[in-house]
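# An overview of the molecular structure
Read off the chains here:
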Amino acid sequence: MLVPRYHQVFDLTLDEIFNICLLKNKIWQHTMESQLSWWKKNTSDSDHFITLVDGPSTVAFLRLRDREILVENSSYHAKCVTEVCVEKSMQRKGLGSILLKAAKNKIDESDSGIGFLICLSTEELFYKASGWSSLQAEIQLKSSGGIKRSLKNNEKCMVLNFEAPESANIVLCGDIF
Ligand SMILES: CC(C)(COP(=O)(O)OP(=O)(O)OC[C@H]1O[C@@H](n2cnc3c(N)ncnc32)[C@H](O)[C@@H]1OP(=O)(O)O)[C@@H](O)C(=O)NCCC(=O)NCCS
């Protein structure tokens with residue numbers, strides 16, 4: 001069984017970053033050049049990463065970002081999971097679930113223990129299978145530039161260790177979800 005590896009920005013080598021971008025580029029095809037420049041632009045010193053490595057290849061990856069959830073007048077620290085991906089030929093073999101279990105361990109260790117992520121409705125079952133719940137509320141996403149947008153009809157906000165009344169107005173703060 002593949003064992004998850006945890007990384008912070010300072011301990012990822014250039015080769016490891018390249019291999020992660022290679023995997024991401026097989027799932028979300030751009031060019032390697034744009035994957036690498038996106039990585040540079042959108043990576044913060046506080047990010048954490050989880051990988052599954054098989055021989056020379058990185059076959060699964062996710063990132064945990066420090067984010068904030070506003071509920072009415074209260075603010076909560078939270079870990080936001082992004083870029084969850086598994087090598088196409090290795091999907092539906094449990095690797096995604098191994099990644100999510102490792103992410104849950106990190107989230108449980110964090111100060112608030114709260115996790116959230118935005119996914120397409122079609123991916124909801126995958127997260128539910130690992131214990132995440134769909135948050136039913138009025139949800140808005142707010143970038144650091146202050147631009148707000150509502151959750152789209154085909155998007156879900158999945159949460160761990162977080163509840164709010166359905167009538168609550170919730171704002172998820174951060175540039176990347
Ligand atoms: C989504 C993804 C990460 C799942 O990884 P995976 O390794 O295939 O998932 P697992 O094998 O651990 O699946 C665990 C359970 O989740 C559910 N599940 C997984 N993929 C699913 C899918 N496409 N549709 C419905 N349920 C799914 C199933 O219940 C599955 O259990 P089962 O295979 O016994 O039925 C992977 O398919 C992927 O990389 N997709 C492309 C990138 C992507 O869409 N990422 C999500 C960004 S938010």
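Described below are features of the structure shown in this document.

Calculation notes
- Residues numbered from 1 in each chain as written.
- Predicted model: local features only at pLDDT ≥ 70, side-chain atom pairs only at ≥ 80, totals over all residues.
- Helix = DSSP H or I, 4+ residues; strand = E, 2+ residues; numbered from the N terminus.
- Rg over C-alpha atoms; globule rule 2.2 N^0.38 Å.
- Buried ≥ 20, exposed ≤ 12 C-beta atoms within 10 Å, placed from the backbone.
- Near = placed C-beta within 6 Å.
- Nonpolar A, V, L, I, M, F, W, Y, C, P; charged D, E, K, R; others polar.
- Core = buried A, V, L, I, M, F, W, Y, C linked by C-beta atoms within 7 Å.
- Contact = placed C-beta atoms within 7 Å.
- Axes fitted to C-alpha atoms, helices over the stretch in contact; angles between N-to-C directions.
- Parallel < 35°, antiparallel > 145°, perpendicular 65-115°, else oblique.
- Left-handed = near helix turned anticlockwise from the far one by under 90°.

When its secondary structure is counted, the chain shows four helices and 10 strands. Of the regular secondary structure in the chain, the N- to C-terminal order runs β-α-α-β-β-β-α-β-α-β-β-β-β-β. Relative to the globule expectation of 16 Å for 177 residues, the C-alpha radius of gyration of the chain, 16 Å, shows essentially globular dimensions. With respect to the principal axes defined by its C-alpha atoms, the chain has extents near 50 × 35 × 30 Å. Within the chain, the fraction of its 177 residues that count as buried is 28%.

With phi around 55 degrees, Glu83 is a residue other than glycine that occupies positive phi space. Looking at the element boundaries, Glu83 is found in strand 4 (residues 74-86). By the C-beta count within 10 Å, which is 18 here, Glu83 ends up partly exposed.

Lining the immediate surroundings of the ligand are 16 residues, of which Gln91, Gly96, Ser97, Cys119 and Phe126 lie closest. Among the elements of the structure, strand 4, helix 3 (95-109) and helix 4 (124-129) are those that each provide at least two residues to the shell around the ligand. The residue inventory of the shell around the ligand, partitioned by class, reads nine nonpolar, four polar and three charged.

Next up on the list: the nonpolar core. Side chains of a nonpolar character, in soluble globular proteins, are inclined to be buried together. Counting residues in hydrophobic clusters, the biggest one holds 39 residues, and the most contacted among them are Ala60, Leu99, Ala103, Phe116 and Met158. Ignoring anything within four residues of it in the chain, the contact list for Met158 reads Phe116, Leu117, Cys119, Glu124, Tyr127, Trp132, Ser133 and Ser134.

Across the interface, helix 1 (residues 14-27) lies against helix 2 (residues 32-42) with an axial gap of 9 Å and an inter-helix angle of 120 degrees. When the axes of helix 1 and helix 2 are compared, the pair comes out oblique. Where helix 1 crosses over helix 2, the handedness of that crossing is right-handed. Within the contact between the two elements, helix 1 uses Ile17, Cys21, Lys24 and Asn25 and helix 2 uses Met32, Gln35, Leu36 and Trp39. Broken down by class, the residue content of the contact of helix 1 with helix 2 amounts to five nonpolar, two polar and one charged.

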